[in-house]
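So the chains spell out like this:
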Amino acid sequence: LLADGAWARPTEWLPMPSLTKADNTFAGLFAIFPEGGNVVALSAAGAYTVDWGDGVVENFATGATAEHEYNYASISGTPFRGYKQAIIKVYPQAGQTLTLVDLVKKHTKMSTYSGVYSYPYLEIKFYSTTATGFRAEHPSAASTRTSKLGMLEHLEMSFDAMGSIAYLLYGNKSLAKVTIKDSAITSLDYAFVNIGAQEIDIRNTSCLSLQYAFHICKALVRVSAFDIIGCSNASSGLKGCTAHVGF
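Below: a short report on this structure. Since we're looking at a predicted model, the values are computed, not measured.

**Side note on the overall build of the protein chain**
When helices and strands are tallied, the protein chain shows zero helices and 17 strands. For the protein chain, the proportion of its 247 residues judged to be buried stands at 51%. Nonlocal contacts in the protein chain, meaning residues at least 24 apart in sequence, comprise 57% of its contacts between residues at least 6 apart.

**Some details on the pattern of salt bridges**
Taken as a whole, this structure holds seven salt bridges when the rule is applied. Ionic pairing is found between Lys21 and Asp160, a salt bridge with its closest N-O pair at 2.7 Å. One end of the pair, Lys21, is in the segment before β1 (25-32); the other, Asp160, is in the loop between β12 (154-159) and β13 (169-170), and 139 residues separate them in sequence. Its salt-bridge partner being Glu156, residue Lys181 comes within 3.7 Å of it at the nearest N-O pair. Residue Lys181 is found in strand β14 (residues 177-181), and its partner Glu156 is found in strand β12; the two are separated by 25 residues along the sequence.

**Overview of the environment of Cys241**
Residue placement: Cys241 occurs in the segment after β17 (222-223). Looking at Cys241, the relative accessible area reads 15%, which means it is buried. C-alpha separation for the pair Cys241 and Cys217, spaced 24 residues apart in sequence, amounts to 5.1 Å. Apart from the residues lying within four places of it in its own chain, the contact partners of Cys241 are Phe214, Cys217, Lys218 and Leu220.

**Description of the nonpolar core**
Grouped together as the largest cluster of nonpolar side chains are 60 residues, with contacts concentrated most on Tyr121, Phe134, Leu188 and Phe192. Every element with two or more residues in this core is listed here: β1, β2 (39-45), β3 (48-51), β6 (84-92), β9 (121-128), β12, β14 and β16 (199-203). Among the elements that take part in this core, β2 stands out by supplying five residues, more than any other. Among residues more than four places away in sequence, those in contact with Phe192 are Leu155, Ile165, Leu168, Leu169, Val178, Ile180, Ala213, Phe214, His215 and Cys217. Formed by 13 residues, the second largest nonpolar core is a distinct cluster that contains Trp7, Leu19, Leu29 and Ala176.

**So, the sheet that holds strand β4 (residues 57-60)**
Across the sheet, which stays open at both edges, the nine strands sit in the order β4-β3-β6-β1-β9-β12-β14-β16-β17 with mixed pairing between neighbours. Strands with a single pairing partner mark the edges of an open sheet, and in this sheet they are β4 and β17.

**Side note on the pairing of β3**
Here β3 shows no split at all, with Tyr48 and Val50 on one side and Thr49 and Asp51 on the other all buried. Bridge analysis of β3 against β4 gives four bridges, and the strand direction is antiparallel. By the bridge assignment for β4, Tyr48 is matched with Phe60. In this structure, the hairpin formed by β3 and β4 is closed by a connection of five residues, where Gly53 is found at a positive phi of approximately 85 degrees. Two strands pair when backbone bridges link them, and β3 and β6 are joined in this way by four bridges, in the antiparallel orientation. What sits directly across from Thr49, in β6, is Tyr91.

**Comments concerning unusual backbone geometry**
Non-glycine residue Tyr167 carries a positive phi angle of around 60 degrees. Topologically, Tyr167 is positioned in the loop between β12 and β13. For Tyr167, a relative accessible area of 37% corresponds to the partly exposed category.

**Examining the environment of Leu42**
Note on placement: Leu42 falls in strand β2. Look at Leu42 and you get buried, because its relative accessible area is 0%. Separated by 63 residues in the primary sequence, Leu42 and Lys105 have C-alpha atoms spaced 5.2 Å apart.

**Structural notes on the packing of aromatic side chains**
With the rule as written, the count across this model stands at 15 aromatic pairs. On the numbers, 6.2 Å between centres and 55 degrees between planes, the contact of Phe26 with Phe134 is tilted. Note that Phe26 is positioned in strand β1 and Phe134 in strand β10 (residues 133-135), a separation of 108 residues in sequence. For the pair formed by Phe26 and Phe134, the shared burial category is buried. Between the NZ or CZ atom of Lys84 and the centre of the ring of Tyr72, over which it lies, the distance is 4.5 Å.

Procedures and definitions
Residues numbered from 1 in each chain as written. Predicted model: local features only at pLDDT ≥ 70, side-chain atom pairs only at ≥ 80, totals over all residues. Heavy atoms only, no water. Helix = DSSP H or I, 4+ residues; strand = E, 2+ residues; numbered from the N terminus. Buried < 20%, exposed > 50% of the residue type's maximum accessible area, 1.4 Å probe, protein only. Contact = heavy atoms within 4.5 Å. Salt bridge = Lys/Arg side-chain N within 4 Å of Asp/Glu carboxyl O. Core = buried A, V, L, I, M, F, W, Y, C linked by side-chain atoms within 4.5 Å. Pairing = 2+ DSSP bridges. Phe/Tyr/Trp six-rings, centres within 6.5 Å; stacked < 30°, edge-to-face > 60°. Lys NZ or Arg CZ within 6 Å of the ring centre and 35° of its normal.

Coordinates in, geometry out; function isn't part of it.
Shown next, in the form of structure tokens:
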């Protein structure tokens, strides 16, 4: 992070794809470690394709769980911070409509594990005209969450049909920046509670409810201006933000 709160994307990271909402695509930069155990699972609503970023591309039926395991030795590139990288892309099959991406799926190799698990996504971009749902963690109650995105540093989203991202993330201290632009999202209730972000950039988005949206974001110093003229509930939206927050 820079002194003024701006997040600097590591130059050693793979470049993320340039997306528009018409692409209806989820892209996630994924860390792969030499110790092994590099598994990931997800699902989507609408028949979909997953490009795992290591040469494997697979098709899945709507609602089916997609699973993959990476082989560190076969991943090209120079390690950074101890990991190599791949970019996972999820998009609809021809003639299909993607309405949900769900990251809260446990790989079968983790089926007996009962603790909190975390897939090492470093950066996520999700642009869609049709998606109405995005599940990043589970469940909504912070005290009982069983899945986390503990390494996520940047989240960037743009939606036409997503009305709410309530309870999206909780306690993600590595999350440095959130970018939401040109979206129809109307509810940010509890969306980014206790995250580590210094910078939240929300543009061209009309929001009707911000209840506890940035609760206990103690590092937050900058929230970009966005349309809250019609906001009916901003109760405790910045409660517990101990730094001086500028708009």
